[in-house]
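What the coordinates show
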Amino acid sequence: MINLFEYLNYREFLRDAYEERHATDWRFSHRYIADRAGFDGSMFNKILQGKRNLTERMVSVFAEIFCRDMRERTYFANMVAFNQAKTHSESRKYLEKLVATKECKVEDLAKDQFEYFDHWYHAVIRELVTFYPYVGDDAALGLMVRPPISASQVRSSIALLERLSMIKKNPDTGLYEQTQGLISSGSKSYGTAVNSYIQQNLNVAQTAMDRFDNTERNLSTLAFACNEEIYGELVEMVRRFRREVLAKVSQCDKPNRVFQLGMQLFPLSDPYPPPKRRGRRRRIRGEAQVESTPDGAETEGADDV
């Protein structure tokens, strides 16, 4: 039987719970769920695919369908709030509520993985210990980081990386080495945490100009125009380049420094012609276009003459 408390992603829970119920009762279908929830038959599939979020009313309806008691309903509501949170602090608040649940089966791992993305320097420490002979000299290791971190930050980072099995102490040498323990940033449950982590690294990159001269850094930017098809190809090129970088650095036998490579690819304008939206019309080069009003009402202005 599906155990709700083993999940941190409500879409995964709904998918597994539906398949389990449908396998034993053919009448439990997407249409049945749609009738109970009061939406069209395709909506449930869109929710599972991540194309639609749950509203407060829908959370209540789905809790009635898939949860057995009040404890499960509360956990389900917190899980939805966690997955759909718009800020890192909001995600963290609901994660704490989830892992505080007595029946939760993911408490230790979830907390530690979320904490990993809390601070940019955890990844740096993980790389540093592969070549720096760290034997407990926290302050010295902290001064190796750019910008430097405190001894207490080093201690907490080492402890976290050990809990996550991302580093371990070699019993023969007494030094730390990396393991294969990894955290997948692709998990949607950790989306806002990863965004916060990326923002921290962007902030660190901003100060690189002041901390390093141009012989130690390589910074550049590029603005260009293209269409959606070319953009998709560029995204794949960036992914391929990341894989090539990782393959190249894996061939380094004697690393002596930690580097950061940041790649950002994002729009700097709206597409033209703009997509049609409900709202007030605005003019772009004589063509009336739709623009939203504060109250969401749709109004029209006179066309250019």
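All of the points below concern the structure found in this document. (Residues numbered from 1 in each chain as written. Predicted model: local features only at pLDDT ≥ 70, side-chain atom pairs only at ≥ 80, totals over all residues. Heavy atoms only, no water.)

Another point: helix α4 (residues 56-66). All of the buried residues in α4 are Met58, Val59, Val61, Phe62, Ala63, Ile65 and Phe66. Buried residues along α4 sit against α1 (10-24), α2 (30-37), α3 (43-48) and α5 (70-83). (Buried < 20%, exposed > 50% of the residue type's maximum accessible area, 1.4 Å probe, protein only. Helix = DSSP H or I, 4+ residues; strand = E, 2+ residues; numbered from the N terminus. Contact = heavy atoms within 4.5 Å.)

Spanning 15 residues, α1 covers 22 Å between terminal C-alpha atoms, matching the ideal 21 Å at 1.5 Å per step. For α1, every residue scored as buried is listed here: Tyr10, Arg11, Phe13, Leu14, Ala17 and Tyr18. Along the axis of α1, the buried positions cluster into a sector of 150°, meaning they face one direction only. Close packing links the buried residues of α1 with α2, α3, α4 and α5. (Expected span 1.5 Å × (residues − 1). Arc of directions from axis to C-beta.)

Moving on to the packing of α4 against α5. Relative to each other, α4 and α5 sit at 135°, their axes nearing to 10 Å. One finds that α4 runs oblique with respect to α5. As for the relative orientation of α4 and α5, their crossing is right-handed in sense. Every residue of α5 that contacts α4 at Val59, Phe62, Ala63, Glu64 and Phe66 is listed here: Glu72, Arg73, Phe76, Ala77 and Val80. Looking at the contact of α4 with α5 residue by residue, the classes come out as 7 nonpolar, no polar and 3 charged. (Axes fitted to C-alpha atoms, helices over the stretch in contact; angles between N-to-C directions. Parallel < 35°, antiparallel > 145°, perpendicular 65-115°, else oblique. Left-handed = near helix turned anticlockwise from the far one by under 90°. Nonpolar A, V, L, I, M, F, W, Y, C, P; charged D, E, K, R; others polar.)

In terms of nonpolar packing, the biggest core is built from 37 residues, with Phe39, Phe62, Phe66 and Phe76 touching the most fellow members. Contributing elements (two or more residues each) for this core: α1, α2, α3, α4, α5 and α6 (88-99). Considering every element that reaches this core, the biggest residue donor is α4, with 7 residues. With sequence-adjacent residues up to four places away left out, Phe39 is seen in contact with Ile33, Ala34, Phe44, Ile47, Met58 and Phe62. Core analysis: the next-biggest nonpolar cluster, separate from the first, contains 25 residues, Trp120, Tyr132, Val154 and Ile158 among them. (Core = buried A, V, L, I, M, F, W, Y, C linked by side-chain atoms within 4.5 Å.)

We now examine the packing of aromatic side chains. Counting across every chain of the model gives 16 aromatic pairs. With 4.9 Å between their ring centres and 70° between their planes, Phe5 and Tyr75 make a pair best called edge-to-face. Linking Phe5 in the segment before α1 with Tyr75 in helix α5, this pair joins segments that are 70 residues apart in sequence. With relative accessibility at 1%, the residue Tyr75 sits in the buried group. Through pairs of rings, three or more aromatic residues link up here, namely Tyr7, Tyr10, Phe13, Tyr18, Phe28, Tyr32, Phe39, Phe44, Phe62, Phe66 and Phe76. Lying across the ring of Phe28, Arg21 places its NZ or CZ 4.0 Å from the centre. (Phe/Tyr/Trp six-rings, centres within 6.5 Å; stacked < 30°, edge-to-face > 60°. Lys NZ or Arg CZ within 6 Å of the ring centre and 35° of its normal.)

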